[in-house]
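A look at the structure
These are the residues of each chain, in order.
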Amino acid sequence: MYRTIDKNLDLIDGILDRLLNCNFNDPTVPKEIFSHPFIEYSSYTKRYGECFSRSPYKMISNASNYCYSLLNNKRLNCRSPWGMCQTFLKETRQAKGNPAPLWDPVYKESFSKWYKCMKPLYDTDLVEKCLDESGLTAKCERSKIRAVKLIRAKMATMRHLAEKHPDWLFIYLVRDPRGTVISRSRFIEYTSDFDYVQEAMFLCTKMQQDIEVFEQIRRIYPDRFLLLKYENFAEDPIDGAKKIYRFMNQSLPATVADQLYKMSHSVKQSVSNLGTYKHNSTQVAHAWQTRMKLSEVKQINNYCNGIYKKLEYTEYGV
């Protein structure tokens, strides 16, 4: 999983190419990728996660706490590095009196200070040690299917990558914007301060742009781009997985189907928001219907109606 900001297409292209070719030790590959807490929740990377979690930093959580204390002259007990960063941004937001969404570039200066503090704390030697100890590179090289999940990448970036890599396939995973903002709010320590309507409006603007570009790209590369709705996958993970494997001209392995069922009907739900085991994945997908006020839903509907029509979402859910 890699979060991209689409600033430098050649840089993003190079990183993805090295990841998909299992060149994890390449110095141009950001070590943040291998310091992310999500890596602890994948069975595929379990051995690597166990190795890295023995570090004094325990992924990046402790490093975040350290940087926050330096930048703010105090220590805050946050549950996650995202909460730490966003709390720092919140203080900037309040000081400037700026109502823009938390993801707005207006916070670039504040975030860059936090990031500059964080960057030296990534333990490159430990990453390389754990890659070797876990055999993750060799496991990747043996894999017939290799995939990278890009978070919030623009479809314009995907068009660039499709032109450059004719053997790559692309899955455009979309979600009801109301569900997305509910999900984002779970990573923020101060959820009472979270404006669902404002965030949804910001999100729908970006989604509208991406959908338009996606439609253009799919006309050029009809066999290389697949649109998949998160809700459909959550409601029937097996059917969703079959669509993905058909897209790759392969059959869904029974082992994958079994694992998907366990993950979406788990007796023991993941404690972390990053966890992949859910009691009821359908309930998670449609949580916005019980979490949002009707007044908020109506305001979001007015702004995001065009998205609903394109992606076949209803105004008031199921």
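These numbers come from a predicted model, not from an experiment.

Let's shift gears to the overall build of the protein chain. Broken down by element type, the protein chain carries 16 helices and four strands. Partitioning the intrachain contacts of the protein chain with sequence separation of at least 6 by distance along the chain shows that 64% fall at a separation of at least 24.

The final tally for this structure, using the stated rule, is six aromatic pairs. Ring geometry for Tyr172 against Phe214: centres 5.0 Å apart, planes inclined by 45°, an arrangement best described as tilted. Of this pair, Tyr172 sits in strand E3 (residues 170-174) while Phe214 is found in helix H10 (residues 196-220), placing the two residues 42 residues apart along the sequence. Among the aromatic residues, ring-to-ring pairing joins Phe170, Tyr172, Phe214, Tyr221 and Phe225 into one connected group. The cationic tip of Arg178 hangs over the ring face of Trp288; the distance from NZ or CZ to the ring centre is 3.9 Å. The ring of Tyr313 is capped by Lys229, whose NZ or CZ atom sits 4.4 Å from the centre of that ring.

Judged by how many residues are buried, strand E4 (residues 225-229) sits mostly within the fold: four of five residues are covered. Bridge analysis of E3 against E4 gives five bridges, and the strand direction is parallel. Within the sheet, the bridge partner assigned to Val174 lies in E4 and is Lys229.

Before going further, it helps to spend a moment on the packing of helix H8 (residues 155-164) against H10. Between H8 and H10, whose axes approach to 8 Å, the crossing angle comes to 25°. In terms of orientation, H8 and H10 fall into the roughly parallel class. Residue-level inspection shows Met155, Ala156 and Arg159 of H8 in contact with H10, the latter providing Asp210, Val213, Phe214, Gln216 and Ile217. Broken down by class, the residue content of the contact of H8 with H10 amounts to five nonpolar, one polar and two charged.

Within the secondary structure, Glu199 sits in helix H10. The class for Glu199 is buried, based on a relative accessible area of 2%. As a C-alpha pair, Glu199 and Ile300 span 101 residues in sequence and 9.4 Å in three-dimensional space.

Right, let's get into the nonpolar core. Nonpolar side chains in soluble globular proteins tend to be buried together. Formed by 36 residues in total, the largest nonpolar core has its most connected members in Met155, Phe225 and Met292. Those elements that place two or more of their residues in this core are helix H1 (9-20), H8, E3, helix H9 (177-185), H10 and helix H16 (294-311). Looking at which element gives the most residues to this core, the answer is H10, with ten residues. Those residues within four positions of Phe225 in sequence are excluded, and the remaining contacts are Met155, Met158, Ala162, Phe170, Phe214, Ile217, Arg218 and Phe247. Within the second largest apolar cluster, 17 residues are counted, among which are Tyr48, Leu126, Val127 and Leu136.

The tally for this structure, following the rule as stated, stands at three disulfides. Between the sulfur of Cys51 and that of Cys130 lies a disulfide, 2.0 Å long from S to S. When the S-S torsion is -75°, as for the bridge of Cys51 with Cys130, the disulfide is left-handed. Of the two residues, Cys51 sits in helix H2 (residues 46-52) while Cys130 sits in helix H6 (residues 124-134), which places them 79 residues apart along the sequence. Here Cys130 falls in the buried class, since its relative accessible area comes to 0%. Between the sulfur atoms of Cys204 and its disulfide mate Cys304 the distance is 2.0 Å. Because the torsion about its S-S bond is 105°, the bridge between Cys204 and Cys304 counts as right-handed.

The rules behind each value
- Residues numbered from 1 in each chain as written.
- Predicted model: local features only at pLDDT ≥ 70, side-chain atom pairs only at ≥ 80, totals over all residues.
- Heavy atoms only, no water.
- Helix = DSSP H or I, 4+ residues; strand = E, 2+ residues; numbered from the N terminus.
- Contact = heavy atoms within 4.5 Å.
- Phe/Tyr/Trp six-rings, centres within 6.5 Å; stacked < 30°, edge-to-face > 60°.
- Lys NZ or Arg CZ within 6 Å of the ring centre and 35° of its normal.
- Buried < 20%, exposed > 50% of the residue type's maximum accessible area, 1.4 Å probe, protein only.
- Pairing = 2+ DSSP bridges.
- Axes fitted to C-alpha atoms, helices over the stretch in contact; angles between N-to-C directions.
- Parallel < 35°, antiparallel > 145°, perpendicular 65-115°, else oblique.
- Nonpolar A, V, L, I, M, F, W, Y, C, P; charged D, E, K, R; others polar.
- Core = buried A, V, L, I, M, F, W, Y, C linked by side-chain atoms within 4.5 Å.
- Disulfide = S-S within 2.5 Å.

All quantities given are derived from atomic positions and should not be read as evidence of function.
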